[in-house]
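Structure assessment
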Amino acid sequence: MQLPCLKEITEVCLSGCCSCSCSSPLFKSTASHHTTSKSESTSLACRRDFAAKTSSSIFPNTQFTNHESIPSLQKSFSDFTKAYPRYYETAEVDQIRAQEYYHLSQSNHTCLDYIGIGLFSSFQLHKQESSKQMVPSSSTSLLPSPPKNSDYPFFSISYKTGNLKMELLHGGHESELESAMRRRIMSFLNISENDYSMVFTANRTSAFKLVAESYPYKTSRKLLSVYDYESEAVESMINSSEKRGAQVMSAEFSWPRLRIQSEKLRKMIGSKKKKKKRGLFVVPVHSRVTGSRYPYIWMTIAQENGWHVLVDACALGPKDMDSFGLSLFQPDFLISSFYKVYGENPSGFACLCVKKSAIAVLEASMSTGIVNLVPAHEFLQTGGESSGTDLEVEEISKLRLQQDILDISRSFSGLITKHSRQGTPAKRLEQGELSDSAEEGAYSEELEISGESERLAKSRKNGNQEVVCRSLDQVDSLGLILITNRARYLINWLVSSLRKLKHPANSEGVPLVKIYGPKIKYDRGPALAFNVFDWKGEKVEPVLVQKLADRNNISLSYGFLHHIWFSDKYAEEKGRVLERRDNGAKDMATNKLKAKSGPGISVVTAALGFLSNFEDTYRLWAFVAQFLDADFVEKERWRYTALNQKTIEV
């Protein structure tokens, strides 16, 4: 597999100002010096031109000091398409959204808290529900019909206890559904079954913890991570690794742009002593909070210095793996996650892929977190043996576990179900993350995965379990360039527009919004970290911003930036910027992971998915603009009190 840049894929900036080859972070190490120099020159010019045209085209020489003065949605969209005329080329995404995810318009809800890739479309889910109103069982009776707004499209997940190493080597008893889903996902991620083995995990955190509990820290003692934000999954890995004797290190990020401190990281990766078996190097392709993208070259440097590399691909865009160059980097571990239905059902699972040549280094360890995919028919049949409550379903599952205890590879410890409000995403499990999963499906072409589990086959003759991954197919049909360009236009318009909001304190105005990480940038990721400040310069708590946004039918998340390095130039600013997580002390007393947190910055986070449109970004902008009204927060507090609702839950 080649990188798109090596295939000479061409992208056009804005209105066709220039044509430049798609530049990979590793391009300079895979081509001749002459070609590299030419590519870098063209690419740099393209990026500079994009940033300059964005700055000069989005509300030029204008600042908004009153939320009532911002232009209308129609006027803003007109100006947006003048700045980015090629946005019209992404109209197919809007058609998919209207036909397959119509619940987004019906609920009038803006979802900016989904990171990753989805499996199914809303249309597909409800069509499947209709077809299951009467499902023949092995007897003459009928299985119970799914709820009108079912939380279990096509499959659920069930935990099992097992040995990760043995599971990777031998695979256990894999159902036809799981086998077909595994092949589909590995194909989508461009991962070869000849090179990698894969297991399903309950979520992203489970996948990280499984690696930590099996990695040989006795011989490879170090754990080095590259995260500019606090992640429950990474903290869980660190906690487990420290218990097993690992020496934990982390990259640092320079204030104010939060770029990797390259010199420090290079020293941590390398050493004067050319040892092998250094440890585990954990790196995301980009930050799921700030949108910063990290050069792939760090993976190569780590591998050359004897590190095993774990790539966190959970924050990747839907087609980013097409530009990843897996055949060039060959990481030892790769973690990705998927959710079921965008904007409606965020539950799902994660995937842990391990390079077959790296399985041998793992240590045998019995762990939880590996899951089975349970077909919908089997799940409903289990539920049909009780009155249908979650507790009864769990008890039935435990009884079956006792009966099947000898079959370790298929042992169930309870059917896991995850519920969300209809039309509204479930609340965040960690900053910017929804049940550690992802989104979307197929529009023009459908991949049908038919089959059923071995248990279901024994109990029902002529049974058939069908799963159609419409979201994955839709993403495949749209392609990398279209999806990337659309996200690029939207996120940079949002960044530029937020920076135009100013408090009318003086002639220059006091910025309403502070953005952390990259600002207007050609190759920034579709995630954004920011804070809102009042006219006195005091920060509005991110959790309050999130709750007020939710009241306005906008789903945001909040996170915590950390490992920030300040040079002497910003020493005075350091004391004003950094904070400690002292809110929610009661929770911290029972959560050792959070209790270990160092100083950092709490932020509001927003993320654009491939289905996000201009109206989504405009609605966020218009909402934030309301904070220009000095009484906005107090008015909202009064409205909460009048409705007998809590003002804020910390």
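The structure this text deals with has already been given above.
Structural notes, computed from the coordinates. Keep in mind that this is a model prediction, so the values were computed, not measured. (Residues numbered from 1 in each chain as written. Predicted model: local features only at pLDDT ≥ 70, side-chain atom pairs only at ≥ 80, totals over all residues. Heavy atoms only, no water.)

**Quick word on the pattern of salt bridges**
For side chains of opposite charge, pairing can occur when their charged atoms come near one another. For clarity, the cut-off: The working definition used for a salt bridge is a side-chain nitrogen of Lys or Arg within 4 Å of a carboxyl oxygen of Asp or Glu. Helix and strand definitions here come from DSSP, where helices need a minimum of 4 consecutive H or I residues and strands a minimum of 2 consecutive E residues; each element is numbered from the N-terminal end. A simple rule labels every residue: compare its accessible area, found with a 1.4 Å probe on the protein chains alone, to the largest value its type can have, and call it buried under 20%, exposed over 50%, or partly exposed in between.
Scanning the entire structure with this criterion turns up 19 salt bridges. For aspartate 523, the salt bridge is made with arginine 47, and the minimal N-O distance between the two is 3.7 Å. A residue pair is termed long-range when its members are at least 10 positions apart, and aspartate 523 in the loop between β21 (513-516) and β22 (527-533) and arginine 47 in helix α1 (residues 33-57) qualify at 476 residues. Note that arginine 97 and aspartate 616 form a salt bridge whose closest N and O atoms lie 2.9 Å from each other. One end of the pair, arginine 97, is in helix α3 (residues 91-100); the other, aspartate 616, is in helix α22 (residues 614-625), with 519 residues separating them in the sequence. Among the residues examined, aspartate 616 registers a relative accessible area of 3% and is labelled buried.

**Digging into unusual backbone geometry**
Glycine aside, residues mostly have negative phi angles, and peptide bonds mostly take the trans form. A cis geometry characterises the amide bond from tryptophan 255 onward to proline 256, with omega recorded as 10°. Within the secondary structure layout, proline 256 lies in the loop between β9 (253-254) and β10 (259-260). One non-glycine residue, asparagine 61, lies in positive phi territory at about 50°. Here asparagine 61 lies in the loop between α1 and α2 (73-83).

**Some words on the nonpolar core**
Let me state the cut-off plainly: In plain words, nonpolar cores are sets of buried Ala, Val, Leu, Ile, Met, Phe, Trp, Tyr and Cys residues tied together by side-chain atoms within 4.5 Å. Any pair of residues with heavy atoms lying within 4.5 Å of one another is described as a contacting pair.
Counting 113 residues, the largest nonpolar core has Phe155, Leu265, Leu280, Phe281, Phe338 and Phe349 as the members making the most contacts within it. No other element matches the six residues that strand β13 (residues 333-341) contributes to this core. Once you skip the residues sitting within four places of it in the chain, phenylalanine 281 turns out to touch Leu224, Val226, Leu265, Ile269, Trp298, Met299, Ala302, Trp307, His308, Val309 and Leu310. Of all hydrophobic cores here, the second largest spans 48 residues; its members include Phe80, Leu112, Val495 and Leu512.

**Quick notes on the packing of aromatic side chains**
Selection rule: What counts as a ring pair is set by centres within 6.5 Å for rings of Phe, Tyr and Trp (its six-membered ring), and what kind of pair is set by the plane angle: stacked under 30 degrees, edge-to-face over 60, tilted for all other angles. A ring has a charge above it when a Lys NZ or an Arg CZ is no more than 6 Å from the ring centre and no more than 35 degrees off the ring normal.
For the structure on display, the rule yields 34 aromatic pairs. Consider the rings of phenylalanine 77 and tyrosine 87, whose centres lie 6.2 Å apart with planes at 75°: the pair is edge-to-face. In this pair, phenylalanine 77 sits in helix α2 while tyrosine 87 sits in the loop between α2 and α3, placing the two residues 10 residues apart along the sequence. For phenylalanine 77, a relative accessible area of 27% translates into the label partly exposed. We classify tyrosine 87 as buried; its relative accessible area is 4%. Consider the rings of tryptophan 255 and tyrosine 516, whose centres lie 6.2 Å apart with planes at 50°: the pair is tilted. Here tryptophan 255 is found in the loop between β9 and β10, whereas its partner tyrosine 516 is found in strand β21, with 261 residues between them in sequence. We classify tryptophan 255 as buried; its relative accessible area is 5%. The ring of phenylalanine 155 carries lysine 340 above its face, with NZ or CZ at 4.8 Å from the centroid.

**Section: the pairing of strand β6 (residues 196-201)**
Where we set the bar: A pair of strands counts as paired when DSSP detects no fewer than two bridges linking them.
By the criterion of burial, β6 is predominantly enclosed, with six of the six residues buried. Side chains Tyr196, Met198 and Phe200 project from β6 onto one buried face, and the interleaved Ser197, Val199 and Thr201 project onto a second face that is buried too. The pairing of β6 with strand β14 (residues 345-355) spans six bridges and is antiparallel. Residue pairing across strands places threonine 201 opposite alanine 350, the latter belonging to β14.

**Points about the packing of α3 against helix α16 (residues 470-478)**
Note the threshold: As a rule, the C-alpha atoms of each element are fitted with a line to give its axis, helices using only the stretch in contact, and angles between N-to-C directions run from 0 to 180 degrees. Throughout this description, any angle smaller than 35 degrees is read as roughly parallel, any larger than 145 degrees as roughly antiparallel, any in the 65 to 115 degree range as roughly perpendicular, and the remainder as oblique. Should the near helix be turned anticlockwise from the far one by less than a right angle, the crossing is left-handed, and should it be turned clockwise, the crossing is right-handed. In this count, Pro and Cys sit with the nonpolar residues alongside Ala, Val, Leu, Ile, Met, Phe, Trp and Tyr, while Asp, Glu, Lys and Arg are called charged and the others, Gly among them, polar.
Relative orientation of the contacting elements α3 and α16 amounts to 165°, with a least axis distance of 11 Å. Overall, the two elements α3 and α16 adopt an arrangement that is roughly antiparallel. The hand of the α3/α16 crossing is right-handed. Side by side, α3 and α16 meet where Glu92, Val93, Ile96 and Glu100 of the first sit next to Arg470, Gln474, Ser477 and Leu478 of the second. The residue inventory of the contact of α3 with α16, partitioned by class, reads three nonpolar, two polar and three charged.

**Topic: the state of the cysteines**
In protein chemistry, a disulfide is the covalent bond that joins the sulfur atoms of two cysteines. Rules: Disulfides are defined as cysteine sulfur pairs within 2.5 Å.
Scanning the entire structure with this criterion turns up zero disulfides. Cysteine cysteine 351 shares no disulfide, and the gap to the nearest cysteine sulfur, in cysteine 353, comes to 6.1 Å. Note on cysteine 351: relative accessible area 0%, which makes it buried.

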